[in-house]
Amino acid sequence: MTAAQRREQLLDVSRRLFAEKGFDQTSVEEIASRAGVSKPVVYEHFGGKEGVYAVVVDREIQALTGALTGALEAGGHPQVLVERTALALLDYIESSTDGFRILVRDSPVTQSTGTFSSLIGDVAMQVEHLLADQFTRRGLDARTAPIYAQMLVGMVALTGQYWLDARKPQKAEVAAHLVNLAWNGLAGLQRSPTLRGAMPAAVRGNGRAATGRDGRTS
């Protein structure tokens with residue numbers, strides 16, 4: 001193999017191992033053994049397990065970011081954007097199952113960026129601007145768009161994690177149900193939502209009702 005071919009082989013082997021066992025349970029020895037090389041070859045190309053992991057994660061982040069960003073930037077009706085985003089995530093999970101398993105696992109402590117949570121945060125920021133525009137048009141408070149963006153993207157992301165293993169129902173049906181909840185919920189937003197069952201101030205502040213000196217609950 002050329003150096004470039006060997007590097008790609010090591011990345012493919014490492015990707016499968018990280019998906020199967022996670023970062024902590026994968027060793028340089030195992031990577032080298034599966035690739036049919038000695039440990040120094042792995043160190044020569046990546047400097048160690050952390051280096052291999054960083055490249056694998058970076059590639060997956062780029063692939064998923066491109067898919068989600070492409071869905072959002074295509075324009076169109078907001079409901080269609082929700083559909084495209086949900087389908088883009090499910091398409092990625094279907095075609096890059098190992099990659100998604102790696103992204104949703106806990107990253108090593110040395111990895112401060114490039115995690116799935118940071119990716120979802122970036123996507124939520126894009127959605128935030130789209131929601132703010134829609135909120136303004138509908139007479140809703142655009143200042144609440146950031147929290148709704150987190151809710152919406154989080155719902156899609158968690159559903160994707162569930163579907164990673166379940167694979168039922170079909171992805172188009174999953175996307176349709178996601179849009180059903182997200183869009184029909186958004187369509188009926190109240191301008192000033194309130195909780196139906198307001199808790200007493202003492203319960204809200206302390207997690208329990210206040211008790212007087214006589215032992216009675218107030």
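Residues numbered from 1 in each chain as written. Predicted model: local features only at pLDDT ≥ 70, side-chain atom pairs only at ≥ 80, totals over all residues. Heavy atoms only, no water.

### With respect to the UniProt feature "DNA-binding region" (unreviewed entry) in the protein
Stage number 1. The positions UniProt marks with the feature "DNA-binding region" (unreviewed entry) are residues 27-46.
Stage number 2. Spanning residues 27-46, this segment combines 80% helix with 0% strand, and its end C-alpha atoms are found 13 Å apart. (UniProt positions renumbered as here; feature names shortened; annotations may be inferred. Helix = DSSP H or I, 4+ residues; strand = E, 2+ residues; numbered from the N terminus.)

### Some remarks on the nonpolar core
Stage number 1. By size, the foremost hydrophobic cluster in this structure holds 59 residues, and its most contacted members are L10, V42, L64, F116 and V127.
Stage number 2. Those residues in contact with L10 that lie beyond four places of it in its chain are I31, A35, V37, V41, V42, H45, F46 and V52. (Core = buried A, V, L, I, M, F, W, Y, C linked by side-chain atoms within 4.5 Å. Buried < 20%, exposed > 50% of the residue type's maximum accessible area, 1.4 Å probe, protein only. Contact = heavy atoms within 4.5 Å.)

### Things to note about the packing of aromatic side chains
Stage number 1. Applying the stated criterion to the full structure yields 6 aromatic pairs.
Stage number 2. Seen from their ring centres, F23 and Y53 are 4.9 Å apart, and the 75° between their planes marks the pair as edge-to-face. Residue F23 is found in the loop between α1 (3-21) and α2 (28-35), and its partner Y53 is found in helix α4 (residues 49-73); the two are separated by 30 residues along the sequence.
Stage number 3. The buried category is assigned to F23, whose relative accessible area is 10%.
Stage number 4. The exposure class assigned to Y53 is buried, which follows from its relative accessible area of 2%.
Stage number 5. Relative to F116, the ring of F100 lies with its centre 5.4 Å away and its plane at 85°, an arrangement referred to as edge-to-face. Separated by 16 residues along the polypeptide, F100 in helix α6 (residues 97-104) and F116 in helix α7 (residues 116-137) bring together distant segments of the chain. The same class applies to F100 and to F116, which are both buried.
Stage number 6. Ring pairing ties together the aromatic residues F18, F23 and Y53, which thus form one cluster.
Stage number 7. Across from the ring centre of F23, 4.3 Å away, lies the NZ or CZ of K49, which sits over that ring.
Stage number 8. Above the ring of W163, the side-chain terminus of R167 is found at 5.0 Å from the ring centroid. (Phe/Tyr/Trp six-rings, centres within 6.5 Å; stacked < 30°, edge-to-face > 60°. Lys NZ or Arg CZ within 6 Å of the ring centre and 35° of its normal.)

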